[in-house]
Amino acid sequence: MESAGFVSFRDATSGAPTVPSLQANLAANVQAANAAALGVGAAAFARPPPVPPTGALTTAQEDRRDLEICNQRLLGAIAEGDYLTYSCLVDEGVTCFEPEACGHLVAGRDFHKYYFDVARDAA
């Protein structure tokens, strides 16, 4: 499922998403979402993501590096209170057990959006 302005990277043979392209896909989708939300062109957010040199990394090492970069972006979005980026990185159907939920299963991003809103309103 692709929307206008969103980019998808697929393997030419199988059509499956390619792991090394996940970082580029994520960056393009976050830029497009930010641009759409602010009503500006995606070029306003164009900045190359920090990517360590690949050199002689194995596929597993590249996958780990890509996951670490995505995880760092997620943690950065949470620390900065950037719900738009957070919502691009976290699936809408996410489930978790949080201390605030007193042992109940939490489904969806709405639970976490509350904490983004509280932090924004307090600032």
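Trainee: Run through the overall build of the protein, naming residues and quoting values.
Mentor: On a plain count of helices and strands, the protein comes out with 4 helices and 2 strands. The order of α-helices and β-strands along the protein, N terminus first, is α-α-α-β-β-α. Across the 123 residues of the protein, 23% fall into the buried class. Carbon and sulfur atoms form 59% of the exposed surface of the protein, whose accessible area is close to 8400 Å².

Trainee: Outline the environment of Phe 116, supporting the account with residue identities and numerical values.
Mentor: Assignment of secondary structure puts Phe 116 in helix H4 (residues 110-122). The class for Phe 116 is buried, based on a relative accessible area of 9%. As for Phe 116 and Tyr 86, which are separated by 30 residues in sequence, their C-alpha atoms are 9.7 Å apart. Apart from the residues within four sequence positions on either side, Phe 116 is in contact with Ala 77, Ile 78, Gly 81, Asp 82, Tyr 83 and Tyr 86.

Trainee: Mind laying out unusual backbone geometry, listing which residues take part and the relevant values?
Mentor: Unusually for a residue other than glycine, Cys 102 sits at a positive phi of about 50 degrees. Inspection of the secondary structure assignment puts Cys 102 in the loop between strand E1 (95-97) and strand E2 (105-107).

Trainee: Can you explain a nonpolar patch on the surface? Please cite residues and give values.
Mentor: Taken together, the side chains of Tyr 114, Tyr 115 and Val 118 define a hydrophobic patch exposed on the protein surface, amounting to about 290 Å² of accessible area. Inspection of the secondary structure assignment puts Tyr 115 in helix H4.

Trainee: Summarise the nonpolar core; cite the residues concerned and give the values.
Mentor: In this structure, Ala 77, Tyr 83, Tyr 86, Val 90 and Phe 116 together form the largest nonpolar core, which totals 5 residues. Not counting residues within four places of it along the chain, the set of residues in contact with Val 90 comprises Leu 74 and Arg 109.

Trainee: Report on the packing of aromatic side chains, specifying residues and quantitative values.
Mentor: Taken as a whole, this structure holds 5 aromatic pairs when the rule is applied. Consider the rings of Tyr 83 and Tyr 86, whose centres lie 5.8 Å apart with planes at 35 degrees: the pair is tilted. Of this pair, Tyr 83 and Tyr 86 both sit in helix H3 (residues 83-89), 3 residues apart, which is roughly one turn of the helix. A relative accessible area of 18% places Tyr 83 in the buried class. With centroids separated by 5.3 Å and ring planes inclined at 70 degrees, the aromatic side chains of Tyr 83 and Phe 116 adopt a geometry described as edge-to-face. Taken together, the residues Tyr 83 in helix H3 and Phe 116 in helix H4 connect sequence positions 33 residues apart. Take Tyr 83 and Phe 116: they sit in the same class, and that class is buried. A connected cluster of aromatic rings, assembled from ring pairs, spans Tyr 83, Tyr 86 and Phe 116. Above the plane of the ring of Tyr 83 lies Lys 113, whose end atom (NZ or CZ) is 5.1 Å from the centre.

Conventions and cut-offs
- Residues numbered from 1 in each chain as written.
- Predicted model: local features only at pLDDT ≥ 70, side-chain atom pairs only at ≥ 80, totals over all residues.
- Heavy atoms only, no water.
- Helix = DSSP H or I, 4+ residues; strand = E, 2+ residues; numbered from the N terminus.
- Buried < 20%, exposed > 50% of the residue type's maximum accessible area, 1.4 Å probe, protein only.
- Areas by Shrake-Rupley, 256 points an atom, 1.4 Å probe, with all protein chains shown as cover.
- Contact = heavy atoms within 4.5 Å.
- Patch = residues over 30% accessible without salt bridge, like charges linked within 9 Å, V, L, I, M, F, W, Y side chains within 5 Å.
- Salt bridge = Lys/Arg side-chain N within 4 Å of Asp/Glu carboxyl O.
- Core = buried A, V, L, I, M, F, W, Y, C linked by side-chain atoms within 4.5 Å.
- Phe/Tyr/Trp six-rings, centres within 6.5 Å; stacked < 30°, edge-to-face > 60°.
- Lys NZ or Arg CZ within 6 Å of the ring centre and 35° of its normal.

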